[in-house]
Amino acid sequence: MEKFNQGTPRVADVDYYTIAGDRWIGPFSSPLVPRPNDGLVPVASVRLAYATHLDTSHLSHIALLKSFHVYDTVKGKVDPPYSEEPNSLAYIVIEDGDILAGQHVSQSVVANDVNEVAFILLSGSPLGFTLESPSGDYITDQAPDTDVSYESAEWLDLLAQGYVVQQPASGVWKAHVGTDADPDHFMLVVSAENTFVLDGSTDGYSNPGGKEMRIRATLDVDATIAEMEVQITDPNGSREIVALHDDGLHEDDLSADGVYGNSYIPLLEGEHILVFSSEGIAGGKEFSRADLESVLVEAPTAEEQ
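Every chain is numbered independently, its residues counted from 1 as its sequence is written. The predicted nature of this model means local features are confined to residues of pLDDT at least 70 and side-chain atom pairs, given and counted, to a pLDDT of 80 or more, with totals for whole chains, interfaces and linings taken over all residues. With hydrogens and water stripped out, all remaining heavy atoms of the structure feed into the side-chain values.

1. Some points on unusual backbone geometry
- Residue Arg-35 is joined to Pro-36 through a cis peptide bond whose omega torsion reads 0°.
- Working definition: helices are DSSP H or I runs of at least four residues, strands are E runs of at least two. Numbering for both runs from the N terminus. As for its placement among the helices and strands, Pro-36 is situated in the loop between β1 (17–18) and α2 (43–46).
- The residue Asp-253 is not glycine, and still its phi comes out positive at about 65°.
- Along the chain, Asp-253 falls in the loop between β16 (239–243) and β17 (259–264).
- Exposure classes here rest on a 1.4 Å probe applied to the protein chains alone. A residue is buried below 20% of its type maximum, exposed above 50%, and partly exposed in between. You can call Asp-253 buried: its relative accessible area is 14%.
- In this model, Ala-256 sits at a positive phi of 60°, which is unusual for a non-glycine residue.
- Looking at the secondary structure, you find Ala-256 in the loop between β16 and β17.

2. Section: the sheet that holds strand β3 (residues 89–99)
- Pairing in this open sheet of five strands is antiparallel, and the strands run β3-β11-β5-β9-β8 from one edge to the other. Looking at strand neighbours, the two that pair on one side only are β3 and β8 (148–155), the edges of this open sheet. With strand direction ignored, the average angle separating the axes of adjacent strands in the sheet is 15°.
- At least two DSSP bridges between two strands are required for those strands to pair. Pairing between strand β5 (residues 116–123) and strand β9 (residues 158–166): eight bridges, direction antiparallel. Residue pairing for β9: Leu-122 is matched across the bridge by Ala-160. Axis lines are fitted to C-alpha atoms, over the contacting stretch for helices. Their N-to-C directions set the angle, which ranges from 0 to 180 degrees.

Right under this line is the structure:
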């Protein structure tokens, strides 16, 4: 590194940063390495005289590569700041479920101070789909409100039905879904103009079966969070709820840093659907947010086995 630095002079119009781990841990940590260090590299050797040293993370040498905290820190330096598109959408609720013949299900949606909210229902066959406003008025495809538009269309072998409500009354709206015919699978997606979003993620878009998968979620607003979880649906349709934590003990980096996490071991090959959800108080008002991800679980290779 000394030779590299000697042969690589500083460029005047380039900003330089360094970041280091300072968690001395693990069976390969050498007691001869000056502390603080990340188990292999002392923090002092990372610094450059003309570089800005970013917040040192309490992570080990390998954990630096997997840390969302490090990712966000570095990304904040290499990406220019930008503002969200004013008309972009945030998922408020995503409900992925099954409905039986003769069954009716309802989903409550908190809508506060938004100019528009959309309720989209996807199903394999026609389902009854109505809205109920906070005042108790019912809105149907046959009798829409003047501030509500309704459309239906076929999309990817699915039937899509949608209500778009302009200037919705603040409070709890309800989406009612029912069928008198055969059982069906449905997905209800409710979105509104973007004020803040829930961002759910995994290790990647594919994962070997039987291997632990990290799950993360962040909310880009200061909030008191009452619930943060993910519903995982496997290829057979079985569902499991995994609670996400921000305690520094569940693949979530540091305690109380706003990153919620946990792990999950998928066993079945095929596509797994992950529906993230969060509820709480933001800006003195109740909120709910959701996000949707999918992971393709593949058979492990011979080397992985």
